[in-house]
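One letter stands for each residue in the lines below.
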Amino acid sequence: MNKQPICAEDLPRLIRLQALCKTMNAIEHLANSKQDKVVYAGRIWRYGDLVYLGYEYYVLAIPYGLKVDNFCKWLAAEQAILKQFNLAWPVATLTAATVEA
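Student: Please provide a residue-by-residue account of the pattern of salt bridges, values included.
Tutor: Counting across every chain of the model gives five salt bridges. With a shortest N-O distance of 3.4 Å, glutamate 78 and lysine 34 are connected by a salt bridge. Of this pair, glutamate 78 sits in the loop between α3 (69-77) and α4 (79-84) while lysine 34 is found in the loop between α1 (11-26) and β1 (38-40), placing the two residues 44 residues apart along the sequence. For lysine 67, the salt bridge goes to aspartate 69, with nearest N and O atoms at 3.9 Å. Exposure remark for lysine 67: the relative accessible area of 62% places this residue in the exposed category.

Student: Let's hear about the packing of aromatic side chains: which residues, and what values?
Tutor: Scanning the model with the defined rule gives four aromatic pairs in all. With a centroid separation of 6.4 Å and an interplanar angle of 75°, the aromatic rings of tyrosine 47 and tryptophan 74 are classed as edge-to-face. Taken together, the residues tyrosine 47 in helix α2 (residues 47-61) and tryptophan 74 in helix α3 connect sequence positions 27 residues apart. Assessed through its relative accessible area of 5%, tyrosine 47 is described here as buried. Grouping aromatic residues by their ring pairs yields a cluster made of Tyr47, Tyr57, Phe71 and Trp74. Lying over the aromatic face of tryptophan 45, arginine 43 brings its terminal NZ or CZ to 4.0 Å of the ring centre.

Student: Pulling in residues and values, what's your account of α3?
Tutor: Regarding α3, the residues found buried are Asp69, Phe71, Cys72 and Leu75. Down the axis of α3, the sector holding all buried residues measures 150°, keeping them to one side. With respect to the buried face of α3, the exposed residues turned more than 90 degrees away are Asn70, Lys73 and Ala77.

Student: So what's going on with the side chain of threonine 23? Residues and values would help.
Tutor: Within the fold, threonine 23 resides in helix α1. Ignoring any residue separated from it by four or fewer positions in sequence, one finds threonine 23 in contact with Tyr40, Trp45 and Leu53.

Student: Go over the layout of surface pockets, please, and point to the residues and values.
Tutor: A water-sized probe, rolled over the atoms, reveals where empty space remains. Taken as a whole, the largest pocket spans an internal volume of roughly 170 Å³. Lining the largest pocket we find Cys21, Met24, Asn25, Glu28, Ala31, Leu50, Tyr57, Phe71 and Trp74. Secondary-structure elements contributing two or more residues to the lining of the largest pocket are α1, α2 and α3. Examining the composition of the lining of the largest pocket, we find that three residues originate from one element, α1, more than from any other.

Student: Tell me about the nonpolar core, and please be specific about residues and values.
Tutor: Formed by 24 residues in total, the largest nonpolar core has its most connected members in Ile27, Leu30, Tyr57 and Leu75. Sorting the residues of this core by element identifies α1, α2, α3 and α4 as the ones contributing at least two each. In terms of residues, this core owes the most to one element, α2, which gives nine residues.

About the thresholds
Along each chain, the written sequence defines residue order, and numbers are assigned to residues from 1. Two thresholds apply to this predicted model, a pLDDT of at least 70 for residue-level local features and 80 or more for giving and counting side-chain atom pairs, whereas whole-chain, interface and lining totals are computed over all residues. With hydrogens and water stripped out, all remaining heavy atoms of the structure feed into the side-chain values. Note on definitions: salt bridges are taken to be side-chain nitrogens of Lys or Arg within 4 Å of carboxyl oxygens of Asp or Glu. For helices the rule is a DSSP run of H or I covering at least 4 residues; for strands it is a run of E covering at least 2, with both sets numbered from the N terminus onward. Residue burial is assigned from relative accessible area. The probe radius is 1.4 Å, only protein chains are included, and a residue is buried under 20% of its type maximum, exposed over 50%, and partly exposed in between. In summary, the pairing rule links any two rings of Phe, Tyr or Trp, Trp by its six-membered ring, whose centres are within 6.5 Å, and it sorts them by plane angle into stacked for under 30 degrees, edge-to-face for over 60 and tilted for everything else. For a lysine, the NZ atom is tested; for an arginine, the CZ atom; a charge sits over a ring if that atom is within 6 Å of the ring centre and within 35 degrees of the ring normal. Throughout, the arc means that of the directions going from the helix axis to the C-beta atoms. Throughout, a residue-residue contact means that at least one pair of heavy atoms, one from each residue, lies within 4.5 Å. The distinction between a cavity and a pocket rests on a 1 Å grid over the protein atoms alone: a 1.4 Å probe fits inside a cavity but cannot get out, while a pocket stays open yet meets protein on both sides within 12 Å along at least five of seven lines, and a residue with an atom within 4 Å of a point counts as lining. Grid points are joined across faces, edges and corners, and a volume is the space filled by probe spheres set on the points. Only buried Ala, Val, Leu, Ile, Met, Phe, Trp, Tyr and Cys residues count toward a nonpolar core, and they belong to the same one when joined by side-chain atoms within 4.5 Å.

So this is what it looks like as structure tokens:
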């Protein structure tokens, strides 16, 4: 974890990280069954939604020094889905994040 103290401005980001973890844990079945759908929190979730949440988690987690190397590998393999959401995944970012993690 990052050694910098957490301040009040970090609270919304940390709350979002917590919500992402909860949702991703609830729909993690999709990681192994990409064609399935999961109903959670009044919504139908697909595999692409799980990838999107993983990307959001990755972006929010980096400033806090949270371990994201597994996300890097997974998201790098899901380029087509990221492109559907207009989320670029530059190779340079992937390499730098993997080396730092």
